[in-house]
Amino acid sequence: MTLNELIDMLARQPRVAVLTGSGISAESGIPTFRGADGLWKQFRAEELATPEAFRRDPKLVWEWYRFRRQIIREAEPNAGHLALAEMEKRLPHFVLITQNVDGLHQRSGSRKVIELHGNIFIDRCVQCGKEVDRSLDPESNEEIPHCECGGLFRPGVVWFGETLPPDALDRAWNAAEQCEVFFSIGTSAVVYPAAGLPELAHRRGARVVEINPEATAVSVHADLIMRESAAKALPEIVAHLQSVKPS
Ligand code: OAD
């Protein structure tokens, strides 16, 4: 499929599903997980992003999440996030599925966002389940924050070995099964179940578009590959869309 064929298809307002990964936020200055400068090159996932790590050393885990929250608070959505928010406005059947926990899609104006791995700004009590949104409320000044009930707060993200929120996963699965165009953007597509979504869409007959400067597991299923950064490729697609009338 060529870029022009993709634009023609989008102009007919098909059902579109988009999966994003950390690569879409790279140009906002938020490090990705894998690759040369990836977080998992410098930090060990099993010491920081597992339920066992939290039980063993909640202070260390909270230091890591506060460090990442700080990077994200200082970051701004980039042209890729903004282009996806614009696509949502133009395409009536549009679902954005993200593995990211940074909330930058919502900050750039996207409304229909499915967060598969949770949100880094949520504190969730391990005892009573109460949630506090620290993107609105000030950060707790305790090293290990506690809930009023006495339980420990943990970050509201999905850790290795944990299941994804069932409602988010169901909605993502349905969107991938039913879409006619599926975009895989800025993800290495190695962490399941999210990594299974592009393949599912492909099996169900969707056209798969990959936007990623590097080859990934998705590339073999892709009908169109844009080997560019998200902040370059997505505004290009939106600019073309703006120039065609819906048929
Ligand atoms: P990865 O770090 O595995 O992959 C990032 C991808 O983004 C790579 O394929 C890069 O080539 C690509 N990339 C880098 N810069 C880009 C840019 N400017 N534009 C477009 N693409 C770019 O990140 P994820 O696939 O998101 O899970 O990782 C999946 C999950 O692994 C994360 O959600 C997290 C992590 O462990 C949990 O925390 C549960």
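Residues numbered from 1 in each chain as written. Predicted model: local features only at pLDDT ≥ 70, side-chain atom pairs only at ≥ 80, totals over all residues. Heavy atoms only, no water.

## Examining the pattern of salt bridges
Rule in force here: Salt bridges are counted wherever a side-chain nitrogen of Lys or Arg sits within 4 Å of a carboxyl oxygen of Asp or Glu. Helix and strand definitions follow DSSP, with helices as H or I runs of at least four residues and strands as E runs of at least two, each counted in order from the N terminus. A simple rule labels every residue: compare its accessible area, found with a 1.4 Å probe on the protein chains alone, to the largest value its type can have, and call it buried under 20%, exposed over 50%, or partly exposed in between.
A full pass over the atoms with the stated rule returns 21 salt bridges. Residue arginine 107 pairs with glutamate 76 through a salt bridge whose shortest N-O separation is 3.8 Å. With arginine 107 in helix α7 (residues 104-107) and glutamate 76 in the loop between α5 (58-74) and α6 (79-90), this pair connects stretches of sequence that are 31 residues apart. Ionic pairing is found between glutamate 210 and arginine 227, a salt bridge with its closest N-O pair at 3.3 Å. Taken together, the residues span a long stretch of sequence, with glutamate 210 in strand β8 (residues 207-211) and arginine 227 in the loop between β9 (224-226) and α10 (230-243) at a distance of 17 residues. Using a relative accessible area of 36% as the deciding quantity, one classes arginine 227 as partly exposed. Here the salt bridges do not stand alone but share partners, grouping Arg66, Arg69, Arg73, Asp123, Arg134 and Glu139 into one network.

## Brief notes about the sheet that holds β8
To summarise the sheet geometry, strands pair through backbone hydrogen bonds and adopt either a parallel or an antiparallel arrangement. Filter applied, for reference: Strand pairing is assigned whenever DSSP detects at least two bridges linking the two strands. Structural elements are reduced to axes, namely lines fitted to C-alpha atoms, with helices fitted over the stretch in contact, and the angle between N-to-C directions of any two is expressed from 0 to 180 degrees.
If you walk across this open sheet you meet the six strands as β3-β2-β1-β7-β8-β9, and the pairing is parallel. With partners counted over all chains shown, the strands left at the sheet margins are β3 (113-115) and β9, one partner each. Strand after strand, the sheet turns through a mean of 15° between neighbouring axes, direction not considered. Both strand β2 (residues 94-98) and β3 contribute to a ladder of three bridges, which runs parallel. Following the sheet pairing, leucine 96 is matched in β3 by valine 113.

## Here we look at the site of the ligand
Condition: When at least one non-hydrogen atom of a residue lies within 4 Å of a molecule or strand, that residue is treated as near it. Polar contacts here mean pairs of N or O atoms no more than 3.5 Å apart (in protein, one a potential hydrogen donor and the other a potential acceptor; neighbouring residues in sequence count only if both atoms are side-chain atoms). Accessible areas in this description were obtained via Shrake-Rupley with a 1.4 Å probe; residue shielding takes into account the shown protein chains only. Only Asp, Glu, Lys and Arg are considered charged, only Ala, Val, Leu, Ile, Met, Phe, Trp, Tyr, Cys and Pro nonpolar, and every remaining residue, Gly among them, polar.
In the region of the ligand, 23 residues are neighbours, and Ser22, Glu27, Arg34, Thr187 and Ser188 sit closest. The contact in question runs from an oxygen atom of the ligand to an N or O atom on the side chain of tryptophan 40, over 3.0 Å. Here a nitrogen atom of the ligand and a backbone polar atom of alanine 230 are 2.9 Å apart. Considering the ligand on its own, with 790 Å² of exposed area, one finds that the protein chains cover 90% of that surface. Looking at the shell around the ligand residue by residue, the classes come out as eight nonpolar, 12 polar and three charged.

## Thoughts on the packing of aromatic side chains
In plain terms, the rule: Put simply, two rings from Phe, Tyr or Trp (the six-membered ring, in Trp's case) pair if the centres are within 6.5 Å, and we call them stacked under 30 degrees between planes, edge-to-face over 60, tilted for the rest.
Under the defined criterion, the tally for this structure stands at nine aromatic pairs. Between phenylalanine 33 and tryptophan 40, the aromatic rings sit 5.4 Å apart at their centres with planes inclined by 35°, giving tilted as the arrangement. Residue phenylalanine 33 is classed as partly exposed on the basis of its relative accessible area of 23%. Between phenylalanine 43 and tryptophan 64, the ring centres sit 4.7 Å apart and the planes meet at 55°, which makes this aromatic pair tilted. Remark: tryptophan 64 occurs in helix α5 and phenylalanine 43 occurs in the loop between α2 (39-42) and α3 (45-48); sequence separation between them is 21 residues. For tryptophan 64, a relative accessible area of 4% gives the class buried. Through a chain of ring-to-ring contacts, three or more aromatic side chains come together here, namely Phe33, Trp40, Phe43, Phe54, Trp64, Tyr65, Phe67, Trp159 and Phe160.

## Notes on empty space enclosed by the protein
Formally: Whether a set of points on the 1 Å grid over the protein atoms alone is a cavity depends on a 1.4 Å probe fitting there but being unable to get out, while an open set qualifies as a pocket with protein on both sides within 12 Å along at least five of seven lines; lining residues are those with an atom within 4 Å of a point. Grid points are joined across faces, edges and corners, and a volume is the space filled by probe spheres set on the points.
With the rule as written, the count across this model stands at one cavity of 30 Å³ or more. By volume, the largest cavity amounts to about 130 Å³. Residue lining of the largest cavity: Ser22, Ser25, Ile30, Pro31, Phe33, Leu39, Arg68, Ile71, Ile72, Asn100, Val101 and Asp102, and that is the complete set. Examining the composition of the lining of the largest cavity, we find that three residues originate from one element, α5, more than from any other. Here the residues of the lining of the largest cavity are counted per class, giving seven nonpolar, three polar and two charged.

## Remarks on helix α9 (residues 196-203)
Note the threshold: Two residues qualify as a contact provided that any one of their heavy atoms is within 4.5 Å of a heavy atom in the partner residue.
Restricting attention to buried positions, one finds in α9 the residues Gly196, Leu197, Pro198, Leu200 and Ala201. Those residues of α9 that are buried are in contact with β1 (16-20), β2, α8 (166-178), β7 (181-185) and β8. A positive backbone phi angle near 95° is found at glycine 205, which sits one or two residues after α9.

## Topic: α8
Put simply, the rule reads: The length a helix should cover is 1.5 Å for every residue beyond the first. This arc corresponds to the set of directions leading from the helix axis out to the C-beta atoms.
The end-to-end C-alpha distance of α8, which contains 13 residues, comes to 18 Å, matching closely the 18 Å that a straight helix rising 1.5 Å per residue would cover. Every buried residue of α8 is accounted for by Ala168, Ala172, Ala175 and Ala176. Buried positions in α8, seen along its axis, are confined to an arc of 95° and lie on one side of it. Turned more than 90 degrees away from the buried face of α8 sit Pro166 and Asp170, all of them exposed. Buried residues belonging to α8 abut β1, β2, β3, β7 and α9.

These figures capture arrangement, not role.
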